[in-house]
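For reference, the chains in residue letters:
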Amino acid sequence: GNSVTQMEGPVTLSEEAFLTINCTYTATGYPSLFWYVQYPGEGLQLLLKATKADDKGSNKGFEATYRKETTSFHLEKGSVQVSDSAVYFCALTPYNNNDMRFGAGTRLTVKP
Amino acid sequence: GAVVSQHPSWVICKSGTSVKIECRSLDFQATTMFWYRQFPKQSLMLMATSNEGSKATYEQGVEKDKFLINHASLTLSTLTVTSAHPEDSSFYICSARVPGNNEQFFGPGTRLTVL
C-alpha cells in the first residue's frame with residue numbers, strides 16, 4: 001500500500017543551522033508529494049509540493065526534491081529561524097485517487 | 001488561494017451530548033472533503049471521505065454511527081460526534097480537494113474536549 005516514513009524527532013537546532021528532515025515513500029505509480037507545516041494549536045499549511053520526478057518544491061527557504069530512484073522527498077533549509085519551530089509532515093497522494101497519507105510528523109525546535 | 005474554514009475552533013461539552021463541527025470551502029466548490037483526527041503529538045488519521053450528495057466513505061475502524069458526516073452542498077461538510085465520551089476528545093481537521101487537483105487544503109482544526 002501507499003505509505004510515508006519520515007524521520008522521527010524531536011529535532012532541536014540552533015538558529016542559522018542547516019536542517020534536513022528525511023522522508024521516504026512507498027507508492028505505486030507516480031504520487032504527488034507534499035510537505036505540510038503545523039504550528040502549535042493550528043491546522044496544516046502546505047509548505048511545498050512536487051508532482052513528478054526530479055521536481056523541486058520550494059517555499060520560504062525550504063526545499064525538497066522528488067527523487068524517484070530513492071523514493072525520497074527530503075526537506076532541507078540552509079538556515080533555520082526560531083519562527084520555523086513547528087511540526088513538519090511529509091505526505092503523498094497517489095496519482096489516481098484522493099487518498100492522502102501522512103508521515104508521523106517531525107517536531108522541530110529552533111533555539112536562539 | 002483556496003481557503004477552508006472550520007467552526008467552532010474549540011468546543012467543550014459534557015459526556016453524552018452531541019457536537020457538530022462545520023467545514024466550509026470559502027472560495028471554491030469542493031466535491032470531496034476529508035475528515036481527520038489528530039491525537040496529541042501524533043500524525044493525522046483519516047476518518048472518512050465526504051462526497052457531496054452521497055454517503056461518506058469511512059476508514060476501517062471508524063464508527064459511522066458515532067461520527068455522522070453530511071456533505072449537503074459543494075461548500076459545506078459537517079461532522080457530528082454523537083453521544084460524545086472523553087475518549088473522543090481530540091483535534092479534528094477537515095480538508096477539501098480542489099476539483100481537477102489532487103492537493104488538499106486544510107481547515108484550521110477544531111479542538112474537542114469532552115468532560
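To start, this report covers the structure provided alongside it.

Right, let's talk about the sheet that holds strand 1 (residues 4–7) of chain B for a bit. Residue and element names in this part refer to chain B. Judged by pairing direction, the sheet is antiparallel, and its 4 strands sit side by side in the order 1-3-8-7 without closing on themselves. Lying at the two open borders of the sheet, with one neighbouring strand each, are strand 1 and strand 7 (67–73). Between one strand axis and the next, the sheet turns through 15° on average, direction left out of account. Alignment of strand 7 against strand 8 (residues 76–81), held across 5 bridges, turns out to be antiparallel. Its bridge partner lying in strand 8, N70 is registered against T78.

Our focus in this paragraph is the interface of chain B and chain A. At the interface, 20 residues of chain B touch 21 residues of chain A. When chain B packs against chain A, close to 1500 Å² is buried across both sides, 48% of that on carbon and sulfur atoms. There are 1 salt bridge connecting chain B and chain A. Residue E59(B) is joined to R101(A) by a salt bridge in which the shortest nitrogen-to-oxygen separation is 3.8 Å. Taken together, the connections running from chain B to chain A amount to 4 residue pairs in polar contact (both at pLDDT 80 or more). Counting only elements with at least two residues in the side of chain B that touches chain A, the list comes to strand 4 (32–38), strand 5 (44–51), strand 9 (90–97) and strand 10 (104–106) of chain B. With 4 residues, strand 4 of chain B is the single largest residue contributor to the side of chain B that touches chain A. Residues that form the side of chain B that touches chain A fall into these classes: 8 nonpolar, 8 polar and 4 charged.

Calculation rules
Residues numbered from 1 in each chain as written. Chains lettered and ligands numbered in written order. Predicted model: local features only at pLDDT ≥ 70, side-chain atom pairs only at ≥ 80, totals over all residues. Heavy atoms only, no water. Pairing = 2+ DSSP bridges. Helix = DSSP H or I, 4+ residues; strand = E, 2+ residues; numbered from the N terminus. Axes fitted to C-alpha atoms, helices over the stretch in contact; angles between N-to-C directions. Contact = heavy atoms within 4.5 Å. Buried area = accessible area lost by both parts, 1.4 Å probe. Salt bridge = Lys/Arg side-chain N within 4 Å of Asp/Glu carboxyl O. Polar contact = N/O pair within 3.5 Å; in protein donor to acceptor, adjacent residues only side chain to side chain. Nonpolar A, V, L, I, M, F, W, Y, C, P; charged D, E, K, R; others polar.

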